[in-house]
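Coordinate inspection notes
So you can see what is in the structure, the chains are spelled out below.
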Amino acid sequence: MQKNKISILSTRPVGKELVEEAASRGITIDEISFIRTEENIDAFTSKKIEQLSTQNINAVFTSMNAIEIVGKFIPLNSEWKIFCIGNTTKKLAGSIFKEENILGIADSANELAEIISSDSKIKKVYFFCGDQRRDELPEKLKKNNKEIEELIVYKTIETPGTVLKKYDGILFFSPSAVKSFFLKNSLSPSTQVFAIGETTANAVKLFTQQNVITPGVPGKENLVSQAINYFSKTQIS
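Residues numbered from 1 in each chain as written. Predicted model: local features only at pLDDT ≥ 70, side-chain atom pairs only at ≥ 80, totals over all residues. Heavy atoms only, no water.

1. A short note on the packing of aromatic side chains
What counts here: Pairing of aromatic side chains requires ring centres within 6.5 Å, counting the rings of Phe and Tyr and the six-membered ring of Trp. Pairs whose planes differ by under 30 degrees are stacked, by over 60 edge-to-face, and all others tilted. For helices the rule is a DSSP run of H or I covering at least 4 residues; for strands it is a run of E covering at least 2, with both sets numbered from the N terminus onward. Under the scheme applied here, a residue whose accessible area is under 20% of the maximum for its type counts as buried, over 50% as exposed, and between as partly exposed, the area being computed with a 1.4 Å probe on protein chains only. A ring has a charge above it when a Lys NZ or an Arg CZ is no more than 6 Å from the ring centre and no more than 35 degrees off the ring normal.
If you walk through the whole model with that rule in mind, you get twelve aromatic pairs. Judged by centre distance (5.9 Å) and plane angle (35°), the ring pair of Phe-61 and Phe-97 falls under tilted. Taken as a pair, Phe-61 in strand 4 (residues 58-61) and Phe-97 in the loop between helix 4 (87-96) and strand 6 (102-106) lie far apart in primary sequence, 36 residues in all. Here Phe-61 and Phe-97 have matching classes, each one buried. Residues Phe-182 and Phe-207 carry aromatic rings whose centres are separated by 4.9 Å and whose planes lie at 0° to one another, so their mutual orientation is stacked. Of this pair, Phe-182 sits in helix 7 (residues 175-182) while Phe-207 sits in the loop between helix 8 (198-204) and strand 11 (212-213), and the two are 25 residues apart along the sequence. Connected via pairs of aromatic rings, a cluster forms that spans Phe-34, Phe-172, Phe-181, Phe-182 and Phe-207. In this structure, Arg-12 packs its charged tip against the face of Phe-173, placed 5.4 Å from the ring centre.

Listed below in structure tokens is the structure:
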């Protein structure tokens, strides 16, 4: 295979190590972000998190952004019970909270809601999220008679741009990035699409009929590795 013959567009940074791993397999990864996030902590939210930091609450996180922001306000000995989506988010949660207090991890919002709903001891959860969070998790929890209080700790801003280069593959990591990408772009029929999870894959399917590949276990590293392995085994004409 000709070195760097295959080109992949990643719609968020994946890091030098993964880019270099791809290059060693003859694959170029270009990183172009189509969204950015901003911390959204006002005086009320800051005081609320500070109050909760001393309590034994059930905290739900569906993104690394929320964990990073909330982690600034939480003492290392926090007794929060953590529920989150994906291994990457779990790893970050384990570096901020006690690993033994991570009680639920799932591959999707629906699966996480099922885990929480199945525990009769849980009456209320606090959902730390962004301003564009999806409805699946809160709606399912409410349907199962769980009280949920949402605290919006960051906002997502679309940064659409036109992509002129033709790519063999494209990596999507969130529905927000999917929407932003398709505001100014379309896909070549030959471009293989990869999505970090089913929620993001479903967002892609709103804009294209092309097949979407998702990793068995959601996570940035897993998604990139799957794309690398896919193209290492596929001959691109």
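2. Notes on the layout of surface pockets
Over the atoms a probe the size of a water molecule is rolled, and this reveals where empty space is left. The condition is simple: Using protein atoms alone on a 1 Å grid, points that fit a 1.4 Å probe yet trap it form a cavity, whereas open point sets bounded by protein on both sides within 12 Å along at least five of seven lines form a pocket; residues with an atom within 4 Å of a point count as lining. Grid points are joined across faces, edges and corners, and a volume is the space filled by probe spheres set on the points. Side-chain classes are defined by residue name, with Ala, Val, Leu, Ile, Met, Phe, Trp, Tyr, Cys and Pro counting as nonpolar, Asp, Glu, Lys and Arg as charged, and the others, Gly among them, as polar.
Taken as a whole, the largest pocket holds about 1100 Å³ of empty space. If you go around the largest pocket, you meet 45 residues; those closest to its centre are Thr-62, Ser-63, Phe-173, Ser-174 and Pro-175. Ranked by residue count, the leading element in the lining of the largest pocket is helix 7, at four residues. Class assignment for the residues of the lining of the largest pocket results in 14 nonpolar, 20 polar and eleven charged. In this structure, the second largest pocket spans a volume of roughly 150 Å³. Taken together, 13 residues make up the lining of the second largest pocket; nearest its centre are Val-163, Lys-165, Tyr-167, Ser-186 and Ser-188. In the lining of the second largest pocket, the residues fall into seven nonpolar, four polar and two charged.

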